[in-house]
Amino acid sequence: MAISKDKKQQLVADLNELLSDAKMTVFAKYQGLTVAEMQELRKAARENNVKIKIVKNRLVRVAMGEIAVYKDTDTSALEGQLLYAVSNNDEVAPAQVLAKFAKDHAALELKGAFSGDGKALNEEDVVALSKLPSKEQLIGQVVDMLLSPVNDVTNALSGNLHALLDGIADKATN
């Protein structure tokens, strides 16, 4: 069924808004996935604040052409039936969601991505991104590193205090 011109314009406007706020947009071939598998993917994406969109590549190109950041971005990789995973919160979340899902579902093939600053990334870059820790994990690691010296000092003082008290207790019993 053909889409009316008004519907296409609305889709382009929605894509324009979505891509303008996106920190990362990852695209992948989904041909061969069942409806149940697509629902599973959408659920995993929702849990990670990632939006999954399936639209014609031509409409994505039109929307990207209207956004200053993406105006000169190479869109030659947009071929075939693609789904788009978009996040406006986390740069690595779309890559992680799709890569994790692709491990269990061979029909999903990562093809590339567009960064928030308009750079086109290839499949290898997307796989590398998917292996990075998320923003929350990085914050946790930094906090842990900052608290590590404090914990070390506390443990050292606690150990010395216990040894001192044990020594005093031994002297008192002798």
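Refer to the structure presented above.
The model shown is predicted, which means the values in this text are computed figures rather than measured ones.

A.B. asks: I'd like to hear about helix α5 (residues 123-130), residue by residue, with values.
C.D. replies: Listed as buried for α5 are V126, L129 and S130. Buried residues of α5 fall within an arc of 100 degrees about the axis and therefore sit on the same side. Residues of α5 that are buried make contact with β1 (24-29), α4 (93-104), β4 (109-115) and β5 (120-122). Between the side-chain oxygen at the start of α5 and the backbone nitrogen of E124 there is a gap of 3.2 Å, and the oxygen is on N122.

A.B. asks: Provide a residue-level description of the pairing of β4, including the pertinent values.
C.D. replies: In terms of burial, β4 is largely enclosed, as five of its seven residues are buried. In this structure, β1 lies alongside β4, joined through six bridges in antiparallel fashion. Bridge pairing links F27 to G112 in β4. Sheet topology places β4 next to β5; three bridges connect them, and they run antiparallel. In the sheet register, F114 faces β5, and the bridge partner there is A120. Counting the residues in the hairpin turn of β4 and β5 gives four residues, including G118, whose phi is positive at 90 degrees.

A.B. asks: Tell me what's going on with the nonpolar core, and back it up with residues and numbers.
C.D. replies: Of all hydrophobic cores here, the largest spans 26 residues; its most connected members are V26, L41, I52, L83, L98, L108 and L110. Listed by contribution, the elements that provide at least two residues to this core are β1, α2 (35-47), β3 (82-87), α4, β4 and α5. With seven residues, the top contributor of residues to this core is α4. Excluding its chain neighbours within four sequence positions, the residues that come into contact with L98 are V26, A28, L41, I52, L83, A85, L108 and L110.

A.B. asks: Any details on the pattern of salt bridges? Residues and values, ideally.
C.D. replies: Summed over all chains, the structure comprises three salt bridges. In this structure, E109 and K111 form a salt bridge, with 3.4 Å as the shortest nitrogen-oxygen distance. Overall, K111 belongs to the partly exposed group, its relative accessible area being 28%. Close ionic contact of K119 with D117 constitutes a salt bridge, the shortest N to O distance being 3.9 Å. Here K119 falls in the exposed class, since its relative accessible area comes to 51%.

Criteria and thresholds
Residues numbered from 1 in each chain as written. Predicted model: local features only at pLDDT ≥ 70, side-chain atom pairs only at ≥ 80, totals over all residues. Heavy atoms only, no water. Buried < 20%, exposed > 50% of the residue type's maximum accessible area, 1.4 Å probe, protein only. Helix = DSSP H or I, 4+ residues; strand = E, 2+ residues; numbered from the N terminus. Arc of directions from axis to C-beta. Contact = heavy atoms within 4.5 Å. Polar contact = N/O pair within 3.5 Å; in protein donor to acceptor, adjacent residues only side chain to side chain. Pairing = 2+ DSSP bridges. Core = buried A, V, L, I, M, F, W, Y, C linked by side-chain atoms within 4.5 Å. Salt bridge = Lys/Arg side-chain N within 4 Å of Asp/Glu carboxyl O.

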